[in-house]
Amino acid sequence: MNMKRFLLFVLALSTINLYAETKTTAANGDWDDTNTWGGSLPASGDDIIIAHDVDVDDVRSCNSLTVNSGARLDVEANLTVATSSANNGTLYVKTGDLTQSAGNFTNAGTLRVYGGYDLVFSDSSTTLTNTGTITIYSSASTFGSILLSGTYSESGSGTIQYSRYIAGTDYWDLIGPPLSGYSVEDFVFDNNDIATNGSSPTTYAVGYYENTASASSTNGGWTNYNSDTYGTNLLSGKGYQMSTDGTATGAEVTFEGTLLTSNVTRTVTTNEAGNVSNSDGTKFELIANPYASYISTTDFINAHKDTQLHSGHAAVYGWDGTGYDTYNIAAPGNNIAPGQGFFIGVRGSAGTSQTITFTTAMQNTTGSGDYNEYDTMDNSAELFIQLSQNNSDKRTRVFFLPEGTDGLDVGYDAAGLDLGAYSIYTRLVSDDEGLNMDIQTLNFDNMLGKVIPLGVNIEAGSEAEISILNSTINTDYYVYLEDSVTGAFIDLTEENYVINSDSNIEGVGRFFVHISADTMSNGEVSTSMLNAYKEID
């Protein structure tokens, strides 16, 4: 070997950790306390054995991790394991995330993942073997998650449970099982917090939605299980309405079953007869995230928007307790929480079925709550217009993005859910097809001079106010509201528009939003004379 190669060989050896060792705790304490290890802290490449009660208070990493029987490890800051782990004692993923990059994980003890934190297995070949107890917790605003796309194996006394928060008696929640293989009967018997009504038979606050004409004409398509009809399993990927009893704030109920680690499919069908009335059937189906982890809203929509989802409703619709919120690619909400139910619109004529596929690649760790709000990016702007009446505030959203056009942009434009009540909406700037848009996306570079039809539903005798809820449009631009009946142009960046009407105001054709670089005056143009609008459907 010549000298140059010898030096390169020595240099390569010097980059390898030749001093990796097995480090075993010597006492209870913090990971970053030398006394815990009997003298010196472990290196990031060491194999770790926890033989005492230890807290991870700062970001740490190791090669492998073993928690001995009788010992406890609290992960209170992010901990990364390079190869494999074994928990024979107590392991709490408490106020930090635990990420394992490769290798297998064996749980023979007690493993808990708390709300807002994740146990992540990055390698798709990882096997999680469970002969102990695994519990995932949640609250009204945070959800614990286990992200695994490898293999889950359970034997002996091994169990896994998801303690999922569900809304209380004030309103229903849309939920799907985050674990598979649990029957409705076992679910209601194991959870005393599920609300009930009557005794012969007992009706449970667990129900399903059907979009057929016959079902829609009875209680809006909703049916609750009772003690005569609950002999079925909670289906993975299917959404249910649920409510807990005794408190308006809600409670955690327990799902038990198997951790899903492969793709999940659901067959959905549109039964919309082409009429406005929901009693004739609808195109909407209630489904749910089947995983014990978040999934990406954007990934889900992109996977289905061109074939399975209705072109004007290529979105997901989540219930917020008082109405349905729309999420699409322009306003993605980022991620859908474990076990979270939501509506989708199905493409095709009445009777057409589509296959919805939840893939493990959609799993994601980012999220804190059912959905997250949209963050403004470069080369984008947003304009939220609000209608306030009768102590109620409703909004419609317009996004300006490079992908936007004046026509229908599938995945970026989304009409409101027909099952909900929308008192303010927009129509497409061009090629209007009678869809009341809850989200409309227009081109960022061509926003000036844009005239956006605005629809409002205002009750007679009530005072209503139209205002800007949120705007990131260039502050040098003006946002005018045109009232084509009165001829008024109101600069909404400076003042709100108050309306008092003796008769109901409904639909489009009266109000328009103008984006302008110049001031506009009353009576300058009569926009209503330049547009024709299609009735819904």
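Residues numbered from 1 in each chain as written. Predicted model: local features only at pLDDT ≥ 70, side-chain atom pairs only at ≥ 80, totals over all residues. Heavy atoms only, no water.

**Re the overall build of the protein chain**
Right, on to step 1. Looking only at helices and strands, the protein chain has 4 helices and 45 strands in total.
Right, on to step 2. The 537 residues of the protein chain split such that 50% are buried.
Right, on to step 3. Long-range pairs, those at least 24 residues apart, make up 65% of the contacts in the protein chain with a sequence separation of at least 6.
Right, on to step 4. Summed over all atoms, the accessible surface of the protein chain reaches about 22,200 Å², with 44% contributed by carbon and sulfur. (Helix = DSSP H or I, 4+ residues; strand = E, 2+ residues; numbered from the N terminus. Buried < 20%, exposed > 50% of the residue type's maximum accessible area, 1.4 Å probe, protein only. Contact = heavy atoms within 4.5 Å. Areas by Shrake-Rupley, 256 points an atom, 1.4 Å probe, with all protein chains shown as cover.)

**Quick look at the confidence of the model for the protein chain**
Right, on to step 1. Predicted confidence across the protein chain gives a mean pLDDT of 90, with 90% of residues reaching 70 or more.
Right, on to step 2. Segment residues 6–17 is flagged for pLDDT under 50; beyond a separation of four residues in sequence, or across chains, it makes 4 contacts in the model.
Right, on to step 3. Within the model, pLDDT remains below 50 along residues 372–376, and this stretch shows 18 contacts once partners closer than five positions in the same chain are excluded. (pLDDT = per-residue confidence, 0-100.)

**A closer look at the nonpolar core**
Right, on to step 1. Trp31, Ile50, Leu73, Ile146 and Phe187 are the most contacted members of the largest nonpolar core, which has 55 residues in total.
Right, on to step 2. For this core, the element with the most residues is strand β22 (residues 203–209), which contributes 4 residues.
Right, on to step 3. For Ile50, the contacting residues outside a window of four places in its chain are Thr25, Trp31, Trp37, Leu65, Thr66, Val67, Asn68, Ala71, Arg72 and Leu73. (Core = buried A, V, L, I, M, F, W, Y, C linked by side-chain atoms within 4.5 Å.)

**A closer look at the sheet that holds strand β14 (residues 118–121)**
Right, on to step 1. Pairing is parallel in the open sheet, where 5 strands are placed in the order β5-β8-β11-β14-β17. Lying at the two open borders of the sheet, with one neighbouring strand each, are β5 (60–62) and β17 (145–147). If you compare each strand with its neighbour and ignore which way they point, the axes differ by 10° on average.
Right, on to step 2. Taken together, the 3 bridges between β14 and β17 define a ladder with parallel strand orientation. Note on β17: the bridge partner recorded for Leu119 is Ile146. (Pairing = 2+ DSSP bridges. Axes fitted to C-alpha atoms, helices over the stretch in contact; angles between N-to-C directions.)

**Regarding the pattern of salt bridges**
Right, on to step 1. On inspection of all chains with the given rule, the structure shows 9 salt bridges.
Right, on to step 2. For Lys283, the salt bridge identified is with Asp418, shortest N-O distance 3.2 Å. Here Lys283, found in the loop between β26 (264–269) and β27 (284–288), pairs with Asp418, found in the loop between β37 (414–415) and β38 (424–426); they are 135 residues apart in sequence, far enough to count as distant.
Right, on to step 3. Accessibility expressed as a relative area gives 32% for Asp418, which makes it partly exposed.
Right, on to step 4. One salt bridge in this structure joins Asp483 and Arg510, with 2.8 Å as the shortest N-O distance. Separated by 27 residues along the polypeptide, Asp483 in strand β42 (residues 478–483) and Arg510 in the loop between β44 (497–500) and β45 (511–516) bring together distant segments of the chain. (Salt bridge = Lys/Arg side-chain N within 4 Å of Asp/Glu carboxyl O.)

**Digging into the packing of aromatic side chains**
Right, on to step 1. In the structure shown here, the tally under the stated rule is 20 aromatic pairs.
Right, on to step 2. Aromatic ring contacts, followed pair by pair, group Tyr209, Trp222, Trp319, Tyr324 and Phe343 into a single cluster.
Right, on to step 3. The positively charged end of Lys238 is found above the aromatic ring belonging to Tyr240, 5.8 Å away from the centroid.
Right, on to step 4. Positioned over the ring face of Phe384 is Arg395, at 5.4 Å from the centre of the ring. (Phe/Tyr/Trp six-rings, centres within 6.5 Å; stacked < 30°, edge-to-face > 60°. Lys NZ or Arg CZ within 6 Å of the ring centre and 35° of its normal.)

**So, helix α4 (residues 297–304)**
Right, on to step 1. Burial in α4 covers these residues: Thr297, Phe300, Ile301 and His304. Projected down its long axis, α4 shows its buried positions confined to an angular sector of 95°, all on one face. (Arc of directions from axis to C-beta.)

**Some thoughts on the pairing of β44**
Each regular strand carries side chains that alternate between the two faces of the sheet.
Right, on to step 1. Only one face of β44 is buried, namely the one carrying Tyr497 and Ile499, since none of Val498 and Asn500 on the opposite face is buried.
Right, on to step 2. Here strand β41 (residues 463–471) pairs with β44 via 4 bridges, running antiparallel. Directly across from Ile466, in β44, lies its bridge partner Tyr497.

**Considerations on the environment of Thr95**
Right, on to step 1. Secondary-structure assignment places Thr95 in the loop between β10 (90–93) and β11 (98–100).
Right, on to step 2. Considered as a pair, Thr95 and Gly115 are 20 residues apart in the sequence and their alpha carbons are 8.6 Å apart.
Right, on to step 3. For Thr95, the side chain forms a polar contact with the main-chain oxygen of Glu76, separated by 3.1 Å. (Polar contact = N/O pair within 3.5 Å; in protein donor to acceptor, adjacent residues only side chain to side chain.)

**Comments concerning the sheet that holds strand β13 (residues 110–113)**
Right, on to step 1. With respect to topology, 8 strands assemble into an open sheet ordered β2-β4-β7-β10-β13-β16-β19-β25, the strand pairing being mixed. Since the sheet does not close on itself, it has two edges, and those belong to β2 (29–30) and β25 (251–256), each with one partner.
Right, on to step 2. Note that strand β16 (residues 133–137) and strand β19 (residues 159–166) share 5 bridges and pair parallel. Bridge assignment links Ile136 to a residue of β19, and that residue is Tyr162.

**What about the side chain of Gln100?**
Right, on to step 1. Structurally, Gln100 is set in strand β11.
Right, on to step 2. A polar atom in the side chain of Gln100 sits 3.1 Å from the backbone oxygen of Gly103.
Right, on to step 3. Leaving out residues up to four positions away in the same chain, Gln100 has contacts with Val81, Thr83, Ser84, Ser85, Phe105, Val120, Phe121, Ser122 and Asp123.

**Side note on unusual backbone geometry**
Right, on to step 1. In this model, Asn219 sits at a positive phi of 55°, which is unusual for a non-glycine residue.
Right, on to step 2. Mapped onto the secondary structure, Asn219 falls in the loop between α3 (213–216) and β23 (222–226).
Right, on to step 3. Phi at Asp431 takes a positive value of approximately 55°, unusual for a residue other than glycine.
Right, on to step 4. Among the structural elements, Asp431 can be located in the loop between β38 and β39 (437–443).
Right, on to step 5. A relative accessible area of 60% places Asp431 in the exposed class.

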